[in-house]
Amino acid sequence: MAKPASSTERSTDRWRRRFQPTTMTKDYQLFVGDVYLKYLQNAGEVTAKGINLAFRANPTERLGIAGGLGLNRTTFTKYENSVNPGIDYTGNRVPYAPEFTANLALDYAFDLAEGWGQLIPRAGMTYAGSVFFDETNTIGQKGFFLVDLGLSWKVSEQVVADVFVNNVFDETYAVYGFTEATYGNLYQLGTGRAFGGRVSFKF
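Here the structure is a predicted model, which is why all the values come from computation and not from measurement.

(A) Representation of the overall build of the protein in the model. Secondary structure summary: the protein contains 0 helices and 15 strands in total. Looking at the protein as a whole, 31% of its 203 residues qualify as buried. A separation threshold of at least 6 residues defines the contact pool for the protein, and within that pool the share at least 24 residues apart is 59%.

(B) Spotlight on the nonpolar core. Leu30, Val32, Ala43, Val46, Phe76, Tyr79 and Val94 together form the largest nonpolar core, which totals 7 residues. At the level of elements, strand S2 (29–32) and strand S5 (63–79) are the ones that each hand at least two residues to this core.

(C) Geometry of the pairing of strand S11 (residues 144–154). In S11, alternate side chains face the same way, and those of Phe144, Leu146, Asp148, Gly150, Ser152 and Lys154 are buried while those of Phe145, Val147, Leu149, Leu151 and Trp153 on the opposite face are not. Looking at chain direction, S11 and strand S12 (residues 159–166) are connected through 6 bridges and run antiparallel. Counterpart to Trp153 in the pairing with S12 is Ala161.

Calculation notes
- Residues numbered from 1 in each chain as written.
- Predicted model: local features only at pLDDT ≥ 70, side-chain atom pairs only at ≥ 80, totals over all residues.
- Heavy atoms only, no water.
- Helix = DSSP H or I, 4+ residues; strand = E, 2+ residues; numbered from the N terminus.
- Buried < 20%, exposed > 50% of the residue type's maximum accessible area, 1.4 Å probe, protein only.
- Contact = heavy atoms within 4.5 Å.
- Core = buried A, V, L, I, M, F, W, Y, C linked by side-chain atoms within 4.5 Å.
- Pairing = 2+ DSSP bridges.

Okay, here's the thing in structure tokens:
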């Protein structure tokens, strides 16, 4: 999942948009079957349509705002299963394809005493809509929010120190899941709250 990116560049407002007209993929391939016996197969025809919007704006010299929005609908429009011809998942959503995603990031630059550079606090939020982890659409993850915070000390254009907290509220979410006969639904969880820091040098 993409994180919102903060930036302290000073620029005019920028907008990007990408419309995805209806696209059709024949002989779409994916892994199917029991978790212990998964195999790659052609699953027939998939149709996708959607739109992605992204922007970066600087309302003032110090304030930066960035965000994005994605709407996507990807479904099996002609499901085929050569191993089990009687199975038909036509109309089901394609695994790992959220219908809605969004992100928003803010940063603000504070000037320090001469020669000490800038302090730049930042905050970011991402939302990922619900997804399914298999073609049967029986196991998946509901939509969830993640919030990240950070602080940069921009000593100069060449030296920047950062500290950050990702997933501030320690949101529990799954990035993968499967059904096991004995234990039922099992999930691999995403990264919980994480602290970190880094120092960047440019030469």
